[in-house]
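This is what each chain is made of:
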Amino acid sequence: MRGIPASDPVHKVQSTILAPYGAHESDSRGRMHAEAPASHRGEYRRDRERIIHSTAFRRLEYKTQLFVNHEGDLYRTRLTHSIEVAQVARSIAYRLGLNEPLCEAIALAHDLGHTPFGHAGQDALNRCMQAHGGFEHNLQSLRVVDCLELKYPQFPGLNLTFETREGILKHCSKKNARALGSVGQRFLERTQPSLEAQLANIADEIAYTSHDIDDGLRANLITVSKLREVELFDQHIDAVEHEFPQLGRRQKTYETIRRIRNRLVADLITASQAAIDEARVGSLDEVRAAPGSLIRFSEPMREKNQALKNFLREHLYRHERVHRMNRKAAKVVADLYAAFFRDARLMPDEYRGMANEAAGRDGDSGRARVISDYISGMTDRYAIAEHRRIFNEKIF
Ligand code: MG
């Protein structure tokens, strides 16, 4: 199905401010299962609302972004991270004339497939799944919205529009792309996704670099004096200190982080608008056929941002306290996987039934996939409680 008819006044209002290169609903590649047009909202708004009402979305509240959920109430969780990504993406979309509801839908869904315990959990699950096709959180986000959410009588999953699904699938191997059909096509043809998808991807980066500085400082894993090694930070904290010499430590760092985020956003808007103008793209199809991504930082800002990311990788993501937490998380995930694989009766009835059915159909790989769906859907605290219940061992 191609093209969704404009269905309501909201859609028409939105079209008047939507640039020609933005994602217009009338050009949508539609939904996998045909549905009547949304009666009181646009189609991308309908996607966003389905995502917000999903079970996987609620679970993000208790999933690690960088710190395991129980380490403190003030750290970002996957949920607050996703909301911050949506906020950054929407403000930029507004300025570039892109489709805000589509950007927001992609941003809110982008981490739905994350395992408990962040990247440590995903790496552990991926190791367990090596013989069965591996595990990748980005692919899992698509699997959640396409298959795993069971809410509607007419279809499995949330039946989102092609454009939202295209945005969720940020990267993909050729092998997986072939199995995914139309949404995987661009990885085989090396074409681009919509500008809204490109934007949600970079908004993710802007959100996590800025909030990880905040969380890292709060946890005392990094310090302001060490952060001064990063040009972007040094430059802005100097300006803040100069302007507000009396400001307390906490407010000073907030203001510095806020300015860094604003600087990144402003640069992204200017550089992307220039790239869009230069490429002379006049429609979503032309955006898809463009030789590269058009949502991008200027080269000097890309380098500065890269230096900040390198710093965070070196001093925060690889910090020994984070590493220790990651080791524990990996153990919980690997132990659970091994236990469920040996004895499916340790899983709730529903998953045990699905695992046995999948094993009958696809052998061990079928069983493994159901176990990986079950584990990846767990929140941090649920995984910890399950581990304690089965192994009677206190890890965290
Ligand atoms: Mg993210």
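Scroll up to find the structure.
A few points on the structure. Only a predicted model underlies this, so the values are computations on that prediction, with no experimental measurement involved.

## Side note on the layout of surface pockets
Empty space within the largest pocket amounts to approximately 860 Å³. Residue classes in the lining of the largest pocket are distributed as nine nonpolar, 14 polar and twelve charged. Reported here for the second largest pocket is a volume of approximately 670 Å³. As for the second largest pocket, its lining consists of 28 residues, and the residues nearest its centre are Leu148, Glu350, Tyr351, Met354 and Asp373. Counting residues per element, the ones that place at least two in the lining of the second largest pocket are helix H3 (55–59), helix H7 (137–148) and helix H18 (349–376). Per-element tally for the lining of the second largest pocket: the top contributor is H18, with ten residues.

## A few points about the side chain of glutamate 166
With respect to the helices and strands, the residue glutamate 166 is situated in helix H8 (residues 162–168). Engagement of the side chain of glutamate 166 in a polar contact is seen with the side chain of arginine 288, the distance being 3.0 Å. Non-local contacts of glutamate 166, meaning those with residues more than four positions away in its chain, are made with Val183, Arg186, Gln192, Pro193, Ser194 and Arg288.

## Description of the environment of leucine 112
Examined against the element boundaries, leucine 112 turns out to sit in the loop between helix H5 (100–109) and helix H6 (118–128). On the basis of relative accessibility, which here comes to 4%, the residue leucine 112 falls in the buried class. Once you skip the residues sitting within four places of it in the chain, leucine 112 turns out to touch Ile51, Ala56, Phe57, Leu60, Ser141, Val144 and Val145.

## Side note on the packing of H6 against helix H17 (residues 320–342)
Two elements in contact, H6 and H17, have axes separated by 8 Å at closest approach and are oriented at 35°. Handedness of the crossing formed by H6 with H17: right-handed. Within the contact between the two elements, H6 uses Ala120, Gly121, Ala124, Leu125, Arg127 and Cys128 and H17 uses Asn326, Ala329, Ala330, Val333, Ala334 and Tyr337.

## Here we look at empty space enclosed by the protein
Taken as a whole, this structure holds one cavity of 30 Å³ or more when the rule is applied. Estimated volume of the largest cavity: approximately 40 Å³. In this structure, the largest cavity is lined by Val85, Ile106, Ala107, His110, Gly167, Lys170, Ala200, Asn201 and Asp204. Of all elements in the fold, only H5 and helix H11 (195–218) reach the threshold of two or more residues within the lining of the largest cavity. Broken down by class, the residue content of the lining of the largest cavity amounts to four nonpolar, three polar and two charged.

## Some thoughts on H18
Compared with the 40 Å implied by 1.5 Å per residue over 28 residues, the 17 Å span of H18 between its first and last C-alpha is markedly short. At aspartate 362, H18 is deflected by roughly 150°, the largest bend along its length.

## What to know about the packing of aromatic side chains
Overall, the coordinates contain six aromatic pairs when judged by the stated rule. With 5.4 Å between their ring centres and 50° between their planes, phenylalanine 340 and tyrosine 374 make a pair best called tilted. In this pair, phenylalanine 340 is assigned in helix H17 and tyrosine 374 in helix H18, connecting sequence segments 34 residues apart. Like phenylalanine 340, the residue tyrosine 374 is buried in the burial classification. Taken together, the ring pairs connect Phe340, Tyr351, Tyr374 and Tyr382 into an aromatic cluster. Its end group placed over the ring of tyrosine 152, arginine 50 keeps NZ or CZ at 4.9 Å from the ring centre. Above the plane of the ring of phenylalanine 341 lies arginine 367, whose end atom (NZ or CZ) is 5.8 Å from the centre.

## Concerning helix H16 (residues 299–317)
Its 19 residues place the ends of H16 25 Å apart at the C-alpha level, agreeing with the 27 Å of an ideal helix rising 1.5 Å per residue. All buried positions along H16 are accounted for by Met301, Asn305, Leu308, Lys309, Phe311, Leu312 and Leu316. Buried residues along H16 cover an arc of 160° about the axis, so they all sit on one side. Buried-residue contacts for H16 involve H11, helix H12 (224–227), helix H13 (231–243), helix H14 (249–279) and H17.

About the cut-offs
Residues numbered from 1 in each chain as written. Predicted model: local features only at pLDDT ≥ 70, side-chain atom pairs only at ≥ 80, totals over all residues. Heavy atoms only, no water. 1 Å grid on protein atoms, 1.4 Å probe; cavity = no way out; pocket = protein on both sides within 12 Å on 5 of 7 lines; lining within 4 Å. Points joined across faces, edges and corners; volume = space filled by probe spheres on them. Nonpolar A, V, L, I, M, F, W, Y, C, P; charged D, E, K, R; others polar. Helix = DSSP H or I, 4+ residues; strand = E, 2+ residues; numbered from the N terminus. Polar contact = N/O pair within 3.5 Å; in protein donor to acceptor, adjacent residues only side chain to side chain. Contact = heavy atoms within 4.5 Å. Buried < 20%, exposed > 50% of the residue type's maximum accessible area, 1.4 Å probe, protein only. Axes fitted to C-alpha atoms, helices over the stretch in contact; angles between N-to-C directions. Left-handed = near helix turned anticlockwise from the far one by under 90°. Expected span 1.5 Å × (residues − 1). Bend = angle between axes of the 7 residues up to and from the residue. Phe/Tyr/Trp six-rings, centres within 6.5 Å; stacked < 30°, edge-to-face > 60°. Lys NZ or Arg CZ within 6 Å of the ring centre and 35° of its normal. Arc of directions from axis to C-beta.

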